[in-house]
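Take a look at the letters that make up each chain.
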Amino acid sequence: MDDKLKDPSATKRLRTDAAGIAAAADSLRAGGLVAFPTETVYGLGADATDGRAVAAIYAAKGRPSFNPLIAHVATVEAALALGEFDADAEALARAFWPGPLTLVVPMAAGAGISDLARAGLDTVGLRVPSHPVAQALLTAAGRPIAAPSANRSGHVSPTTADHVLDDLDGRIDAVVDGGATEVGVESTIVACLGGAPVLLRPGGVPREAIEKVIGRPLTASTGEATIAPGMLASHYAPQAGLRLDVMAPAPGEALLAFGRDVPVADGPVLNLSPSGDLAEAAANLFGHLRTLDAAAACGIAVMPIPGEGLGEAIRDRLARAAAPRS
Ligand code: TXA
Ligand code: MG
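For every chain, the first residue of the written sequence is number 1, and numbering continues from 1 along that sequence. Lettering of chains starts at A and numbering of ligands starts at 1, both following the order in which they are written. Residues qualify for local features only when their pLDDT is at least 70, as the model is predicted, and side-chain atom pairs are given and counted only at 80 or more; totals for whole chains, interfaces and linings, by contrast, use all residues. Excluding hydrogens and water, the side-chain values take into account all heavy atoms of the structure.

*Asks:* How should the UniProt feature "binding site: L-threonine" (unreviewed entry) in the protein be read in this particular structure?
*Replies:* UniProt positions are given in the numbering used here, feature names are shortened, and annotations may be inferred rather than shown by experiment. The sites that carry the UniProt feature "binding site: L-threonine" (unreviewed entry) are, in the present numbering, Thr40, His72, Arg127, Ala147 and Ser187. Of the residues just listed, which span 148 residues, no C-alpha pair is farther apart than 12.8 Å, and they cluster in one region. Considering the arrangement of structural elements, one finds Thr40 in the loop between β2 (34–37) and β3 (42–47). Only heavy atoms matter for contacts: two residues are in contact if any of them lie within 4.5 Å across the pair. With residues near it in sequence (within four places) discarded, Thr40 still touches Pro100, Arg127, Thr159, Thr181, Val183, Gly184, Val185, Glu186 and Ser187. Residue placement: Arg127 occurs in strand β6 (residues 123–127). Among the residues examined, Arg127 registers a relative accessible area of 2% and is labelled buried. One polar contact links Arg127 to Glu39, side chain to side chain, over a distance of 3.0 Å. Here a strand is any run of E in DSSP of at least two residues, a helix any run of H or I of at least four, and the numbering for each starts at the N terminus. Any residue under 20% of the maximum accessible area for its type is buried, any over 50% is exposed, and the rest in between are partly exposed; the area is computed with a 1.4 Å probe on protein chains only. Contacts described as polar in this section are N or O atom pairs within 3.5 Å, which, within protein, must combine one atom able to donate a hydrogen with one able to accept it, while residues neighboring in sequence count only if both atoms come from side chains.

*Asks:* Quick question: what am I supposed to make of empty space enclosed by the protein here?
*Replies:* Taking a probe equal in size to a water molecule and rolling it over the atoms shows the remaining empty space. Using protein atoms alone on a 1 Å grid, points that fit a 1.4 Å probe yet trap it form a cavity, whereas open point sets bounded by protein on both sides within 12 Å along at least five of seven lines form a pocket; residues with an atom within 4 Å of a point count as lining. Grid points are joined across faces, edges and corners, and a volume is the space filled by probe spheres set on the points. Enumeration according to the criterion identifies one cavity of 30 Å³ or more in this entry. Empty space within the largest cavity amounts to approximately 40 Å³. Every residue lining the largest cavity is listed: Thr188, Pro202, Gly203, Val205, Pro206, Arg207, Gly309, Glu312 and Ala313. Under the scheme applied, nonpolar residues are Ala, Val, Leu, Ile, Met, Phe, Trp, Tyr, Cys and Pro; charged residues are Asp, Glu, Lys and Arg; polar residues are all the others, including Gly. Here the residues of the lining of the largest cavity are counted per class, giving four nonpolar, three polar and two charged. Those domain boundaries reflect an automatic or database domain assignment. Taken together, domain 1 (12–220) and domain 2 (242–322) each give at least three residues to the lining of the largest cavity, which thus spans both.

*Asks:* Can you help me understand the packing of helix α9 (residues 278–295) against helix α10 (residues 311–322) in this one?
*Replies:* Relative orientation and spacing of two packed helices are given, respectively, by the angle between their axes and the distance between those axes. In this analysis, axes come from line fits to C-alpha atoms, helices being fitted only over the stretch in contact, and the angle between any two N-to-C directions falls in the range 0 to 180 degrees. Packing of α9 against α10 brings their axes to within 9 Å, and their N-to-C directions diverge by 25°. Considering their axes alone, α9 and α10 lie roughly parallel with respect to each other. Helix-helix and strand crossings are classified by hand; for α9 and α10 the assignment is left-handed. Contacts between α9 and α10 involve Leu278, Ala281, Ala282, Leu285 and Phe286 from the first element and Gly311, Ile314, Arg317 and Leu318 from the second. Classifying every residue of the contact of α9 with α10 gives seven nonpolar, one polar and one charged. Oblique is the label for any angle not under 35 degrees, not over 145, and not in the 65 to 115 range, which are roughly parallel, roughly antiparallel and roughly perpendicular in turn. Here is the rule for handedness: rotate from the far helix to the near one, and if that takes an anticlockwise turn smaller than a right angle the crossing is left-handed, while a clockwise turn gives right-handed.

*Asks:* What is the right way to look at the side chain of Thr188 in this model?
*Replies:* For Thr188, the location among the structural elements is in strand β9 (residues 188–191). Among the polar contacts listed, one links the side chain of Thr188 to the backbone nitrogen of Gly204, at a separation of 3.3 Å. Sequence-distant contacts of Thr188, defined by excluding residues within four places in its chain, comprise Pro100, Leu101, Thr102, Leu199, Arg201, Pro202, Gly203, Gly204, Val205 and Ile210.

*Asks:* Hey, could you run me through the domain arrangement of the protein in this one?
*Replies:* Frequently, the measure chosen for interface size is the accessible area that the parts lose on association. One can read the domain layout of the protein as domain 1 (12–220) and domain 2 (242–322). Taking only C-alpha atoms, the centre of domain 1 and the centre of domain 2 are 27 Å apart. Defined here as a combined quantity, buried area equals the accessible surface (1.4 Å probe) lost by two parts on assembly, summed across both. Here domain 1 packs against domain 2, burying approximately 1,400 Å² in sum over the two surfaces, 56% of which is carbon and sulfur. Sorting the residues of domain 1 by area buried against domain 2 places Val156, Val185 and Pro202 first, and these three jointly supply 37% of that buried surface.

*Asks:* Before we go on, may I ask you to explain the environment of Ala111 in this structure?
*Replies:* Take Ala111: it is sitting in the loop between β5 (101–106) and β6. By relative accessible area, Ala111 is classed as buried at 14%. Each C-alpha atom of the pair Ala111 and Ser221 lies 26 Å from the other, and the pair is 110 residues apart in sequence.

*Asks:* For this particular structure, what's the right way to read the sheet that holds strand β15 (residues 300–302)?
*Replies:* Whether parallel or antiparallel, the strands of a sheet pair through hydrogen bonds between backbone atoms. The criterion for strand pairing is that DSSP finds at least two bridges linking the strands in question. Read from one edge to the other, the open sheet built from four strands follows the order β12-β15-β13-β14, with strand pairing classed as parallel. The open sheet has two free edges, formed respectively by β12 (242–243) and β14 (269–271), since each of these has just one partner strand. Summarising the sheet, strand β13 (residues 254–257) and β15 pair through three bridges and their orientation is parallel. Residue pairing across strands places Leu255 opposite Ala301, the latter belonging to β15. Lying over the sheet, α9 contacts β12, β13, β14 and β15, oriented at roughly 170° with respect to β13.

Below, the structure written as structure tokens:
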């Protein structure tokens, strides 16, 4: 992949004030690429109705294939107009939007989301983020914004503007710098395509909360490769190898710790949450992985993380980061 698609000095860092939001929205409306914070991770935005703008996302990320992208809008009503929502989908939309949930539903006739943003599917992934900067930008842009996580393909998702620039400086028009994101893992993705809702990706809304709203268990995703092609096993891969559920790190291994009882390690150690709080651990996950990846001489050992609540998404991302590279 060409690392010099654009002049490296060309990516602007915009503030979250009115002038910054206006500049970002103008750039999006003109077909540009603008990274922006959501409450989960930073997204790399482009006008979802403009196939050429969406194509530029794939080029900037160096994505090997066209995965369907999430279309972001500012309000529940705007999202409801873009898709065919069954009773479960509408209940989930009203319960969790704005927030870290993505719903995959059949696209509404005339919604205008470009084929490329949907990777040719007749469904659409929709999300109404709650982050005030995302809200302001989506309102100002006045159209659905396609946005995958703002990282190079195969890298971990960015939770700060600096992470975005580490991966994409010179390849995108601007990043709106809204500081560190709050949730830290991506949105939960649920498909409502008739029949029982299917969990495509665990994320910022815990499974238990979703099941409470729909009144029954979520179906597990089976044909993930065809339903959510972006969910490659090795999608969230740092360069260093990862070993999971480790209580005794090997000599020289970096340690990604969790909780109070941290084993002795002679490599670098970062703790996701010394108090054992899963929300804090999710917020720290990708930043700590990046830091340890840069520091690790011989791999990263990860302590066990409980699987309930946000722990399901954290364990999912760690399993992907540890998967053999394809
Ligand atoms: O928190 C998030 O979801 C972030 C922020 C920026 O919104 N976005 C994000 O996007 O994580 P991305 O592209 O890295 O992951 C989106 C996932 C992919 O696995 C993709 O395959 C799936 O959503 N997806 C999107 N539209 C879909 C559709 N119509 N059918 C099935 N899967 C879909
Ligand atoms: Mg991603």
